[in-house]
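Working through the structure, step by step
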Amino acid sequence: TSTGVTHRRVMLKISGEALMGDQGYGLHPPTVARIAQEVKSVHDLGVEICMVIGGGNIFRGLQGSAQGMERATADYMGMLATVMNALAMQAALESLNVFTRVISAIPMDQVCEPYIRRRAVRHLEKKRVVVFAAGTGNPYFTTDTAATLRANEMGCEAVFKGTKVDGVYDKDPKKFPDARRYDRVTYDEVLEKNLGVMDATAIALARDNNLPIIVFSLDEPGGFRGILAGKGTYTRVQ
Ligand code: UDP
(Lines give C-alpha, C1' and ligand atoms only; values in the text may rest on other atoms or scores of the structure.)
Protein backbone atom coordinates (compact mmCIF):
# COMPACT_ATOMS: atom_id res chain seq x y z
CA THR A 1 0.00 0.00 0.00
CA SER A 2 0.98 3.64 -0.21
CA THR A 3 1.95 3.75 3.45
CA GLY A 4 4.24 0.75 3.05
CA VAL A 5 2.32 -1.34 5.53
CA THR A 6 2.53 -5.03 4.63
CA HIS A 7 -0.84 -6.10 6.06
CA ARG A 8 -4.26 -4.52 6.42
CA ARG A 9 -5.82 -6.85 9.02
CA VAL A 10 -3.90 -9.23 11.26
CA MET A 11 -4.34 -11.62 14.15
CA LEU A 12 -1.84 -11.34 17.01
CA LYS A 13 -1.56 -14.48 19.12
CA ILE A 14 0.33 -14.36 22.39
CA SER A 15 0.51 -16.91 25.16
CA GLY A 16 -0.78 -16.15 28.61
CA GLU A 17 2.78 -16.55 29.85
CA ALA A 18 3.80 -13.52 27.80
CA LEU A 19 1.84 -11.43 30.31
CA MET A 20 3.47 -12.77 33.46
CA GLY A 21 6.90 -11.15 33.06
CA ASP A 22 9.49 -12.77 35.32
CA GLN A 23 6.85 -14.03 37.73
CA GLY A 24 5.83 -17.67 37.85
CA TYR A 25 2.12 -16.94 37.68
CA GLY A 26 -0.52 -14.44 36.72
CA LEU A 27 -0.37 -10.94 35.35
CA HIS A 28 2.59 -8.54 35.57
CA PRO A 29 1.07 -5.09 34.92
CA PRO A 30 4.25 -3.46 33.47
CA THR A 31 4.56 -6.35 31.02
CA VAL A 32 0.91 -6.09 30.01
CA ALA A 33 1.43 -2.35 29.51
CA ARG A 34 4.53 -2.95 27.37
CA ILE A 35 2.70 -5.36 25.07
CA ALA A 36 -0.25 -2.97 24.84
CA GLN A 37 2.21 -0.32 23.70
CA GLU A 38 3.52 -2.67 20.96
CA VAL A 39 -0.07 -3.25 19.82
CA LYS A 40 -0.81 0.47 19.84
CA SER A 41 2.25 1.20 17.69
CA VAL A 42 0.89 -1.16 15.01
CA HIS A 43 -2.65 0.20 15.42
CA ASP A 44 -1.16 3.66 14.79
CA LEU A 45 -0.08 2.43 11.34
CA GLY A 46 -3.77 1.91 10.52
CA VAL A 47 -3.60 -1.88 10.73
CA GLU A 48 -6.77 -3.60 11.96
CA ILE A 49 -5.88 -5.85 14.87
CA CYS A 50 -7.43 -8.98 16.29
CA MET A 51 -5.88 -10.60 19.34
CA VAL A 52 -6.07 -13.96 21.04
CA ILE A 53 -4.33 -14.36 24.39
CA GLY A 54 -3.76 -17.77 25.98
CA GLY A 55 -4.38 -18.63 29.59
CA GLY A 56 -1.29 -20.58 30.57
CA ASN A 57 -0.17 -17.92 33.07
CA ILE A 58 -3.25 -18.77 35.14
CA PHE A 59 -4.54 -22.23 34.26
CA ARG A 60 -4.11 -24.91 31.62
CA GLY A 61 -6.54 -27.74 31.09
CA LEU A 62 -3.83 -30.38 30.98
CA GLN A 63 -2.57 -29.27 34.38
CA GLY A 64 -6.02 -29.78 35.89
CA SER A 65 -6.56 -33.14 34.24
CA ALA A 66 -3.14 -34.31 35.46
CA GLN A 67 -4.45 -33.61 38.97
CA GLY A 68 -7.43 -35.87 38.37
CA MET A 69 -9.97 -33.32 37.23
CA GLU A 70 -12.16 -34.19 34.27
CA ARG A 71 -10.48 -32.81 31.16
CA ALA A 72 -13.49 -30.82 29.91
CA THR A 73 -13.95 -29.11 33.28
CA ALA A 74 -10.28 -28.25 33.44
CA ASP A 75 -10.44 -26.87 29.90
CA TYR A 76 -13.36 -24.62 30.81
CA MET A 77 -11.23 -23.26 33.65
CA GLY A 78 -8.48 -22.60 31.11
CA MET A 79 -10.92 -20.78 28.86
CA LEU A 80 -12.05 -18.60 31.77
CA ALA A 81 -8.40 -17.75 32.43
CA THR A 82 -8.15 -16.33 28.91
CA VAL A 83 -11.07 -14.01 29.67
CA MET A 84 -9.16 -12.50 32.61
CA ASN A 85 -6.14 -11.94 30.37
CA ALA A 86 -8.30 -10.38 27.67
CA LEU A 87 -9.83 -7.95 30.17
CA ALA A 88 -6.37 -7.00 31.43
CA MET A 89 -5.24 -6.30 27.87
CA GLN A 90 -8.38 -4.26 27.19
CA ALA A 91 -7.70 -2.13 30.26
CA ALA A 92 -4.08 -1.60 29.23
CA LEU A 93 -5.00 -0.69 25.64
CA GLU A 94 -7.76 1.66 26.72
CA SER A 95 -5.41 3.45 29.08
CA LEU A 96 -3.44 4.22 25.89
CA ASN A 97 -6.66 5.48 24.27
CA VAL A 98 -6.99 2.49 21.94
CA PHE A 99 -10.65 1.48 21.78
CA THR A 100 -10.90 -2.24 22.44
CA ARG A 101 -13.66 -4.84 22.52
CA VAL A 102 -13.43 -8.17 24.28
CA ILE A 103 -15.53 -10.86 22.63
CA SER A 104 -16.02 -14.18 24.35
CA ALA A 105 -16.73 -17.52 22.70
CA ILE A 106 -18.68 -18.34 25.88
CA PRO A 107 -21.40 -15.73 26.47
CA MET A 108 -21.00 -13.72 29.66
CA ASP A 109 -22.82 -10.55 28.79
CA GLN A 110 -22.05 -8.60 31.95
CA VAL A 111 -18.34 -9.00 31.34
CA CYS A 112 -17.89 -8.69 27.58
CA GLU A 113 -19.66 -9.17 24.26
CA PRO A 114 -20.70 -12.55 22.92
CA TYR A 115 -19.13 -13.67 19.65
CA ILE A 116 -21.20 -12.55 16.67
CA ARG A 117 -19.04 -12.70 13.57
CA ARG A 118 -20.45 -9.75 11.68
CA ARG A 119 -20.35 -7.56 14.74
CA ALA A 120 -16.71 -8.40 15.30
CA VAL A 121 -15.94 -7.48 11.68
CA ARG A 122 -17.71 -4.16 12.19
CA HIS A 123 -15.55 -3.40 15.23
CA LEU A 124 -12.46 -3.98 13.12
CA GLU A 125 -13.76 -1.70 10.38
CA LYS A 126 -14.22 0.96 13.04
CA LYS A 127 -10.55 0.45 14.01
CA ARG A 128 -11.26 -1.09 17.38
CA VAL A 129 -8.85 -3.74 18.58
CA VAL A 130 -10.82 -6.94 19.07
CA VAL A 131 -9.62 -9.39 21.71
CA PHE A 132 -11.17 -12.83 21.28
CA ALA A 133 -11.52 -14.55 24.65
CA ALA A 134 -12.48 -18.04 25.85
CA GLY A 135 -10.67 -19.75 23.00
CA THR A 136 -12.94 -21.59 20.60
CA GLY A 137 -15.45 -22.18 23.40
CA ASN A 138 -14.76 -25.92 23.20
CA PRO A 139 -12.65 -28.16 25.39
CA TYR A 140 -9.81 -30.14 23.79
CA PHE A 141 -8.74 -27.14 21.74
CA THR A 142 -6.05 -24.52 22.30
CA THR A 143 -5.90 -20.79 21.91
CA ASP A 144 -3.55 -21.30 18.93
CA THR A 145 -6.45 -23.03 17.21
CA ALA A 146 -8.80 -20.25 18.34
CA ALA A 147 -6.43 -17.66 16.84
CA THR A 148 -6.31 -19.52 13.53
CA LEU A 149 -10.08 -20.01 13.47
CA ARG A 150 -10.90 -16.37 14.22
CA ALA A 151 -8.22 -15.16 11.80
CA ASN A 152 -9.96 -17.11 9.05
CA GLU A 153 -13.39 -15.87 10.07
CA MET A 154 -12.26 -12.24 10.24
CA GLY A 155 -10.37 -12.38 6.95
CA CYS A 156 -6.99 -11.67 8.53
CA GLU A 157 -4.06 -11.86 6.13
CA ALA A 158 -1.82 -13.61 8.64
CA VAL A 159 -1.49 -14.83 12.20
CA PHE A 160 1.40 -13.13 14.01
CA LYS A 161 2.59 -15.44 16.74
CA GLY A 162 4.60 -13.45 19.29
CA THR A 163 7.11 -15.64 21.13
CA LYS A 164 10.35 -15.36 23.11
CA VAL A 165 12.49 -16.03 20.03
CA ASP A 166 12.62 -14.39 16.63
CA GLY A 167 11.30 -17.29 14.61
CA VAL A 168 11.28 -21.04 14.17
CA TYR A 169 14.57 -22.87 14.71
CA ASP A 170 15.65 -26.41 13.89
CA LYS A 171 16.45 -26.87 17.60
CA ASP A 172 16.05 -24.80 20.75
CA PRO A 173 18.20 -21.65 20.22
CA LYS A 174 18.33 -21.03 23.98
CA LYS A 175 20.08 -24.40 24.45
CA PHE A 176 22.00 -24.90 21.21
CA PRO A 177 24.22 -22.08 19.89
CA ASP A 178 24.33 -23.72 16.45
CA ALA A 179 20.53 -23.74 16.09
CA ARG A 180 19.41 -22.35 12.75
CA ARG A 181 16.42 -20.15 12.10
CA TYR A 182 14.16 -20.83 9.14
CA ASP A 183 13.24 -17.81 7.03
CA ARG A 184 10.41 -19.85 5.59
CA VAL A 185 9.05 -23.26 6.40
CA THR A 186 6.03 -25.15 5.12
CA TYR A 187 3.10 -26.25 7.24
CA ASP A 188 3.91 -29.86 6.43
CA GLU A 189 7.52 -29.47 7.55
CA VAL A 190 6.35 -27.96 10.83
CA LEU A 191 4.09 -30.98 11.35
CA GLU A 192 6.62 -33.60 10.19
CA LYS A 193 9.53 -32.24 12.21
CA ASN A 194 7.33 -31.30 15.14
CA LEU A 195 8.81 -27.80 15.17
CA GLY A 196 6.51 -26.64 17.93
CA VAL A 197 5.17 -23.50 16.27
CA MET A 198 1.59 -24.28 17.24
CA ASP A 199 -0.28 -27.49 17.92
CA ALA A 200 -1.11 -29.74 14.98
CA THR A 201 -4.80 -28.78 14.88
CA ALA A 202 -3.92 -25.10 14.52
CA ILE A 203 -1.26 -25.76 11.85
CA ALA A 204 -3.62 -27.95 9.83
CA LEU A 205 -6.37 -25.34 9.99
CA ALA A 206 -3.94 -22.67 8.78
CA ARG A 207 -2.66 -24.97 6.02
CA ASP A 208 -6.13 -25.87 4.77
CA ASN A 209 -6.96 -22.18 4.39
CA ASN A 210 -3.50 -21.06 3.26
CA LEU A 211 -3.27 -18.64 6.18
CA PRO A 212 0.36 -17.58 6.79
CA ILE A 213 1.79 -17.76 10.31
CA ILE A 214 4.51 -15.23 11.12
CA VAL A 215 6.58 -16.26 14.15
CA PHE A 216 8.46 -13.35 15.69
CA SER A 217 9.92 -12.15 18.99
CA LEU A 218 7.65 -10.16 21.24
CA ASP A 219 10.63 -9.37 23.49
CA GLU A 220 12.16 -7.20 20.77
CA PRO A 221 10.90 -3.62 21.36
CA GLY A 222 9.27 -2.32 18.19
CA GLY A 223 9.56 -5.75 16.59
CA PHE A 224 5.88 -6.19 15.78
CA ARG A 225 5.64 -2.77 14.15
CA GLY A 226 8.92 -3.37 12.31
CA ILE A 227 7.63 -6.50 10.62
CA LEU A 228 4.47 -4.72 9.53
CA ALA A 229 6.68 -2.03 8.03
CA GLY A 230 8.63 -4.72 6.14
CA LYS A 231 11.67 -5.06 8.42
CA GLY A 232 13.09 -7.42 11.04
CA THR A 233 13.63 -11.14 11.43
CA TYR A 234 10.92 -13.73 11.65
CA THR A 235 9.87 -17.06 10.21
CA ARG A 236 7.05 -17.33 7.74
CA VAL A 237 5.11 -20.59 7.89
CA GLN A 238 3.12 -21.18 4.72
N1 UDP B 1 -8.80 -23.97 26.04
C2 UDP B 1 -9.83 -24.79 25.59
N3 UDP B 1 -10.37 -24.55 24.36
C4 UDP B 1 -9.92 -23.57 23.53
C5 UDP B 1 -8.86 -22.75 23.99
C6 UDP B 1 -8.32 -22.97 25.24
O7 UDP B 1 -10.23 -25.70 26.28
O8 UDP B 1 -10.48 -23.39 22.43
C9 UDP B 1 -8.28 -24.15 27.41
C10 UDP B 1 -7.26 -25.26 27.53
O11 UDP B 1 -7.46 -25.90 28.77
C12 UDP B 1 -5.94 -24.51 27.57
C13 UDP B 1 -6.30 -23.24 28.30
O14 UDP B 1 -7.64 -22.96 27.84
O15 UDP B 1 -4.96 -25.21 28.26
C16 UDP B 1 -5.41 -22.07 28.05
O17 UDP B 1 -5.13 -21.92 26.68
P18 UDP B 1 -3.68 -22.24 26.08
O19 UDP B 1 -3.08 -23.43 26.73
O20 UDP B 1 -3.84 -22.27 24.60
O21 UDP B 1 -2.90 -20.95 26.52
P22 UDP B 1 -1.37 -20.49 26.22
O23 UDP B 1 -0.51 -21.73 26.24
O24 UDP B 1 -1.36 -19.85 24.87
O25 UDP B 1 -1.07 -19.52 27.32
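Only a predicted model underlies this, so the values are computations on that prediction, with no experimental measurement involved.

Position of alanine 151 among the secondary structure elements: in helix α5 (residues 143-154). Classification of alanine 151 by C-beta neighbours within 10 Å gives buried; the count is 28. Spatially, the C-alpha atom of alanine 151 lies 7.7 Å from that of cysteine 50, the residues being 101 residues apart in sequence. Here alanine 151 is in contact with Met11, Cys50, Cys156, Val159 and Leu211, once residues within four sequence places are set aside.

With that out of the way, let us pick up the sheet that holds strand β9 (residues 235-237). Read from one edge of the open sheet, nine strands run β4-β3-β5-β2-β1-β6-β8-β9-β7, paired in mixed fashion. The open sheet has two free edges, formed respectively by β4 (113-114) and β7 (184-185), since each of these has just one partner strand. Across three bridges, the pairing between strand β8 (residues 213-217) and β9 is antiparallel. The residue of β9 that forms the bridge with isoleucine 213 is valine 237.

Here the focus is the site of the ligand. Taken together, 24 residues are adjacent to the ligand, and Gly54, Gly56, Gly61, Gly78 and Gly135 come closest. Counting residues per element, the shell around the ligand draws most heavily on helix α3 (residues 71-94), which supplies five residues. Each residue belonging to the shell around the ligand can be placed in one class, and the counts come to six nonpolar, 14 polar and four charged.

Take helix α7 (residues 200-208) next. Along α7, the residues that are buried comprise Ala202, Ile203 and Ala206. Relative to the axis of α7, the buried residues are bounded by an arc of 100° and lie together on one face. In this structure, the buried side of α7 is in contact with α5, β6 (158-163), α6 (187-192) and β8. Within two residues after α7, asparagine 210 carries a phi angle of roughly 50°, on the positive side.

Thresholds applied
- Residues numbered from 1 in each chain as written.
- Predicted model: local features only at pLDDT ≥ 70, side-chain atom pairs only at ≥ 80, totals over all residues.
- Helix = DSSP H or I, 4+ residues; strand = E, 2+ residues; numbered from the N terminus.
- Buried ≥ 20, exposed ≤ 12 C-beta atoms within 10 Å, placed from the backbone.
- Contact = placed C-beta atoms within 7 Å.
- Pairing = 2+ DSSP bridges.
- Near = placed C-beta within 6 Å.
- Nonpolar A, V, L, I, M, F, W, Y, C, P; charged D, E, K, R; others polar.
- Arc of directions from axis to C-beta.

Keep in mind these values describe shape, not function.
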